[in-house]
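Listed below are the residues making up each chain.
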Protein chains: 2
Amino acid sequence: MTDPASRRVTLRDVADHANCSTATVSRALNSPEQVAVEVRARIDASIKALGYVPNGAARALRSQRSQIVGAVIPTIKYSIYARLIESLERRLAMDGYSLLLTTHDYDPVKELEQTQLLLTRGVEGIVLVGDSHDGGLHQLLAKHRRPYVNTYVFNPASKHPCIGFDNRLAAARAARYLHDLGHRRIAVITGPTKNNDRQADRLAGIRSALEERGLDLPSSMVIERPHLIENGREALEILFQLPEPPTAVLCGSDVLAFGVLSECQELGVSVPNQLSVVGFDDQDFAKHLRPALTTVGIPAVEMGIEAANYILRKLNRQPANNFTNLDVQLIVRGTTMPPAALSTQGKRAVPVSA
Amino acid sequence: MTDPASRRVTLRDVADHANCSTATVSRALNSPEQVAVEVRARIDASIKALGYVPNGAARALRSQRSQIVGAVIPTIKYSIYARLIESLERRLAMDGYSLLLTTHDYDPVKELEQTQLLLTRGVEGIVLVGDSHDGGLHQLLAKHRRPYVNTYVFNPASKHPCIGFDNRLAAARAARYLHDLGHRRIAVITGPTKNNDRQADRLAGIRSALEERGLDLPSSMVIERPHLIENGREALEILFQLPEPPTAVLCGSDVLAFGVLSECQELGVSVPNQLSVVGFDDQDFAKHLRPALTTVGIPAVEMGIEAANYILRKLNRQPANNFTNLDVQLIVRGTTMPPAALSTQGKRAVPVSA
DNA sequence: CTGTTAGCGCATTCAT
DNA sequence: ATGAATGCGCTAACAG
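Because the structure is predicted, anything quoted here is derived from the model rather than measured. (Residues numbered from 1 in each chain as written. Chains lettered and ligands numbered in written order. Predicted model: local features only at pLDDT ≥ 70, side-chain atom pairs only at ≥ 80, totals over all residues. Heavy atoms only, no water.)

(A) Local environment of the interface of chain B and chain A. Contact with chain B, which involves 62 residues of that partner, is made by 62 residues of chain A. Counting the surface lost from both chain B and chain A, the interface buries some 5100 Å², and carbon and sulfur atoms represent 51% of this. Looking only at chain B, the three residues that lose the most surface to chain A are Arg121, His288 and Arg290 of chain B, adding up to 13% of its buried area. Run the count over chain B and chain A and you get four salt bridges. Between Glu266 of chain A and Arg290 of chain B there is a salt bridge, with its nearest N and O atoms 2.4 Å apart. Here chain B and chain A share 30 residue pairs in polar contact (both at pLDDT 80 or more) between them. (Contact = heavy atoms within 4.5 Å. Buried area = accessible area lost by both parts, 1.4 Å probe. Salt bridge = Lys/Arg side-chain N within 4 Å of Asp/Glu carboxyl O. Polar contact = N/O pair within 3.5 Å; in protein donor to acceptor, adjacent residues only side chain to side chain.)

Written out as structure tokens, the structure is:
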């Protein structure tokens with residue numbers, strides 16, 4: 001059956017076997033309704049008998065459609081982008097598209113190179129993360145006229161299509177919530193802000209929200225570390241060596257918050273009594289930490305689906321919104337409450353929602 | 001500079017611009033040493049000036065090399081495979097290869113379809129997870145004569161190359177460890193075993209290890225659930241409604257173990273005093289849970305690197321081991337100790353960590 | 001509804 | 001060291 005010396009089975013072979021032309025086989029594959037049922041049946045049988053698998057390179061070369069979409073993300077390691085990738089891949093697969101995945105480790109030059117590589121590979125569209133990229137990247141995208149979309153950000157003033165949320169507002173809301181609870185010594189543990197507009201925006205959002213309330217955010221209260229649990233721990237340790245430790249801490253990710261909670265247990269710092277903690281992402285584990293983590297829930301799955309939708313619509317020349325703002329939610333759970341000073345002094349009753 | 005009405009820049013354009021033939025440009029790209037330095041410089045300049053990006057489809061069609069490797073994994077959601085994918089992608093990128101990623105949700109038919117799709121896309125090699133696949137998959141692989149490798153498993157008796165570890169032995173070691181501590185009522189919370197030889201093997205390994213010690217594993221002590229934290233919680237709840245709850249529980253993944261620990265806190269079950277817990281994977285968070293999770297550390301990163309190495313070596317016709325067994329470690333941390341019965345009866349002094 | 005024809009862009013002979 | 005010519009496998013005009 002399987003001839004070990006045979007070369008690859010081609011459309012030609014199928015055509016010969018089914019006694020028709022290659023064009024007909026091609027049609028049977030791509031627009032079956034244009035082929036007589038009888039012929040189609042013969043072709044299908046031949047395809048099966050020969051074990052024919054189309055050659056995507058030839059198809060892509062001829063039709064200029066590779067059926068591949070590329071994604072360039074910072075990293076898969078932090079699991080932050082896993083949900084995005086998962087939903088993106090699924091949505092694309094529904095329309096017969098495959099996902100070419102590359103990472104750049106927060107290096108804009110690598111991001112540019114990887115994008116160029118994706119274009120070389122013939123991807124029809126590109127999904128990016130963030131709004132700020134190397135200038136060359138935008139040139140490249142413009143030159144190739146391939147649909148692309150930035151995710152994890154929403155900026156209607158941008159020249160580039162995006163699907164995501166306003167990182168400033170989201171983080172600001174969390175900051176205001178802590179302020180409303182009565183916290184005045186609020187610290188921030190942020191992920192790397194260099195080449196990462198999402199983290200930078202969140203930090204900026206916090207800063208401006210606190211300033212609006214007349215609060216300063218001293219540099220001693222801002223710690224920047226990669227998104228690793230141990231870094232959250234380390235950051236908390238540093239904060240608690242301060243002469244005046246914070247009563248609340250806003251984290252740039254749930255991963256960092258995880259580390260904070262972990263270290264609090266280690267140091268005997270009681271959460272939320274002594275310290276309130278807020279995460280960002282609402283990853284799966286957030287609700288299962290003890291106490292359950294108060295955090296900012298982001299639409300990771302939706303971003304993946306909508307990014308895929310956007311690219312697919314563009315590819316099919318259907319209208320598509322260039323700017324999609326998705327909802328973010330402050331999810332109040334067990335790691336936040338009014339600061340000890342307040343409750344002790346009984347200055348004010350502060351309701352804690354569920 | 002960028003002509004908006006221009007079609008894609010091709011090799012032809014570069015050749016014209018650099019005043020040479022397309023063959024020479026092609027050589028300058030693929031075997032620069034064969035081209036005179038002077039001409040090469042001219043070509044490089046032209047490439048830059050025109051913003052030329054090679055057409056991968058044409059290149060792949062002509063040379064039969066797509067520079068793409070495919071991976072078919074169960075899912076990205078559980079983050080279990082994130083480290084594998086991350087290291088795989090990085091290693092491939094080092095050699096100029098891109099990664100086409102697809103998922104199959106533990107559905108063998110989908111796995112077959114996805115693999116076929118990858119072949120259509122022209123991947124040069126394929127990385128799979130597990131040793132048991134649909135029969136059609138192996139036929140397909142054989143027919144296309146593309147290098148492929150199973151990961152997460154080690155089975156030298158298999159007909160298929162693999163890079164991984166012996167799931168039976170790894171899980172058996174954990175079971176023996178619990179038995180050695182004195183546990184006799186040991187429960188298992190396993191991930192889905194259907195179409196998942198890794199989980200099935202781990203369960204089998206546990207069962208036989210216990211049988212060797214004269215211990216039975218009743219069905220009431222085995223709970224099978226997808227790898228979600230909440231499922232770990234639910235499973236523990238069920239186990240503790242048993243007339244005789246276990247004194248130790250072996251989990252098929254750290255994620256399930258996470259849920260167990262979480263629920264223990266909820267129910268006031270003291271770990272490890274009342275219950276010992278062992279995970280599987282040693283994910284990042286394992287050491288940061290409180291108590292720190294005793295677990296089986298698997299070589300996720302190495303598997304990715306070695307899988308890439310294997311495929312790359314095969315593609316370059318270099319010798320490569322078809323069977324690679326990587327080390328697994330039982331990492332004893334804070335969630336395991338002898339059962340309460342033993343310590344209560346004062347048979348033995350048991351230290352309680354932290 | 002089907003066949004004929006002509007390339008898509010590139011890498012690779014074979015010459016020179 | 002370089003150029004001319006060929007075809008990888010397929011789809012899309014165009015006829016019929």
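From this point, the discussion proceeds with the structure in view.
(B) View of the packing of helix H1 (residues 11-18) of chain A against helix H3 (residues 37-50) of chain A. Residues and elements named next belong to chain A. Running from N to C, H1 and H3 point in directions that differ by 125 degrees, and their axes come no closer than 9 Å. Considering their axes alone, H1 and H3 lie oblique with respect to each other. The handedness of the crossing between H1 and H3 is right-handed. Listed contacts from H3 to Asp13, Val14, His17 and Ala18 of H1 are Arg42, Ile43, Ser46, Ile47, Ala49 and Leu50. (Axes fitted to C-alpha atoms, helices over the stretch in contact; angles between N-to-C directions. Helix = DSSP H or I, 4+ residues; strand = E, 2+ residues; numbered from the N terminus. Parallel < 35°, antiparallel > 145°, perpendicular 65-115°, else oblique. Left-handed = near helix turned anticlockwise from the far one by under 90°.)

(C) Here's a closer look at the relation of the copies chain B and chain A. With an RMSD of 0.1 Å, the operation that places chain B on chain A is a rotation of 180 degrees combined with a shift of 0.0 Å along the axis. The transformation relating the two chain copies, once decomposed into turn and shift, fits a two-fold axis. A shared interface surface links the copies, since 100% of the contact residues of chain B are contact residues in chain A too. (Least-squares fit on C-alpha atoms with pLDDT ≥ 70 in both.)

(D) Representation of the domain arrangement of chain A in the model. Assigned domains of chain A: these are domain 1 (1-52) and domain 2 (167-298 + 330-342). Domain 1 of chain A and domain 2 of chain A are separated by 61 Å when their C-alpha centres are compared. (Domains from an automatic or database assignment.)

(E) Summary view of the protein's contact with DNA strand C. If you check the shell around DNA strand C, you find 24 residues, and the closest are Arg27 and Arg62 of chain A together with Leu11, Tyr52 and Arg62 of chain B. A share of 58% of the atoms of DNA strand C within 4 Å of the protein falls on sugar and phosphate groups. In the model, a phosphate oxygen of DNA strand C is placed 2.4 Å from a nitrogen or oxygen of the Tyr52 of chain B side chain. Secondary-structure elements contributing two or more residues to the surface near DNA strand C are helix H2 (22-30) and helix H4 (56-63) of chain A together with helix H2 (22-30) and helix H4 (56-63) of chain B. Of all the elements, H2 of chain B adds the most residues to the surface near DNA strand C, at four residues. (Near = heavy atom within 4 Å.)

(F) Summary view of the protein's contact with DNA strand D. The environment of DNA strand D is formed by 26 residues, the closest being Leu11, Tyr52 and Arg62 of chain A together with Arg27 and Arg62 of chain B. For DNA strand D, the fraction of atoms within 4 Å of the protein that belong to sugar or phosphate moieties is 59%. At 2.3 Å from a phosphate oxygen of DNA strand D is found a main-chain nitrogen or oxygen belonging to Leu11 of chain A. Taking Arg27 of chain A, its side chain carries an N or O atom lying 3.4 Å from a base nitrogen of DNA strand D. For the surface near DNA strand D, the element with the most residues is H2 of chain A, which contributes five residues.

(G) Representation of the sheet that holds strand S8 (residues 248-251) of chain A within the structure. Residues and elements named next belong to chain A. Strand order across the open sheet formed by six strands is S7-S6-S8-S9-S10-S12, with mixed pairing between neighbours. The open sheet has two edge strands with one neighbour each: strand S7 (222-224) and strand S12 (329-331). Averaged over all pairs of adjacent strands, the angle between strand axes in this sheet comes to 15 degrees, irrespective of strand direction. Across the face of the sheet, helix H11 (residues 254-267) comes into contact with strand S6 (186-190), S8, strand S9 (276-281) and strand S10 (294-297) while running at roughly 155 degrees to S9. (Pairing = 2+ DSSP bridges.)

(H) Spatial organisation of unusual backbone geometry. Residue Pro272 of chain A is reached from Val271 of chain A by a cis peptide bond, and omega for that bond is 5 degrees. Relative to the helices and strands, Pro272 of chain A resides in the loop between H11 and S9. Following Arg290 of chain A, the chain continues to Pro291 of chain A via a peptide bond in cis, the omega torsion being -10 degrees. Note on placement: Pro291 of chain A falls in the loop between S9 and S10. Unlike most non-glycine residues, Asn19 of chain B shows phi in positive territory, near 60 degrees. Topologically, Asn19 of chain B is positioned in the loop between helix H1 (11-17) and H2.

(I) Molecular detail of helix H5 (residues 82-94) of chain B. The first and last C-alpha atoms of H5 of chain B sit 18 Å apart over 13 residues, in line with the 18 Å expected at 1.5 Å per residue. Listed in full, the buried residues belonging to H5 of chain B are Ala82, Leu84, Ile85, Glu86, Ser87, Leu88, Glu89, Arg91 and Leu92 of chain B. Lining the buried residues of H5 of chain B we find strand S2 (98-103) of chain A together with strand S1 (68-73), strand S2 (98-103), strand S3 (125-129), strand S4 (148-151) and helix H12 (300-315) of chain B. Just downstream of H5 of chain B lies Gly96 of chain B, where phi reads positive at about 80 degrees. (Expected span 1.5 Å × (residues − 1). Buried < 20%, exposed > 50% of the residue type's maximum accessible area, 1.4 Å probe, protein only.)

(J) Local environment of the nonpolar core. In terms of nonpolar packing, the biggest core is built from 158 residues, with Tyr152 and Val277 of chain A together with Tyr152 and Val277 of chain B touching the most fellow members. Grouped together as the second largest cluster of nonpolar side chains are 27 residues, Leu128 of chain A together with Val53, Leu100 and Leu119 of chain B included. (Core = buried A, V, L, I, M, F, W, Y, C linked by side-chain atoms within 4.5 Å.)

(K) A look at the pairing of S8 of chain A. Residue and element names in this part refer to chain A. Burial of the side chains of S8 extends over both faces: Ala248 and Leu250 are buried on one face and Val249 and Cys251 on the other. Pairing of S6 with S8, which is carried by four bridges, proceeds in the parallel orientation. Its bridge partner lying in S8, Val188 is registered against Leu250. Bridge analysis of S8 against S9 gives three bridges, and the strand direction is parallel.

(L) Structural view of the packing of aromatic side chains. Inspection of every chain in the model, using the stated rule, returns nine aromatic pairs over all chains. With a centroid separation of 6.1 Å and 75 degrees between ring planes, the pair formed by Phe258 of chain A and Phe258 of chain B is classed as edge-to-face. You can see Phe258 of chain A sitting in helix H11 and its partner Phe258 of chain B sitting in helix H11 (residues 254-267), one on each of two chains. According to the relative accessible area criterion, Phe258 of chain B is buried, its value standing at 3%. Ring centres of Tyr81 of chain B and Tyr152 of chain B lie 5.1 Å apart, and the angle between their planes is 70 degrees; this geometry places the pair in the edge-to-face category. With Tyr81 of chain B in the loop between S1 and H5 and Tyr152 of chain B in the loop between S4 and strand S5 (162-164), the pair connects residues that are 71 residues apart, well separated along the chain. Feature note: the residues Tyr81, Tyr152, Phe165 and Phe280 of chain A constitute an aromatic cluster, connected by ring pairs. The lysine or arginine in question, Arg202 of chain A, covers the ring of Phe280 of chain A, its NZ or CZ lying 3.9 Å from the ring centre. (Phe/Tyr/Trp six-rings, centres within 6.5 Å; stacked < 30°, edge-to-face > 60°. Lys NZ or Arg CZ within 6 Å of the ring centre and 35° of its normal.)

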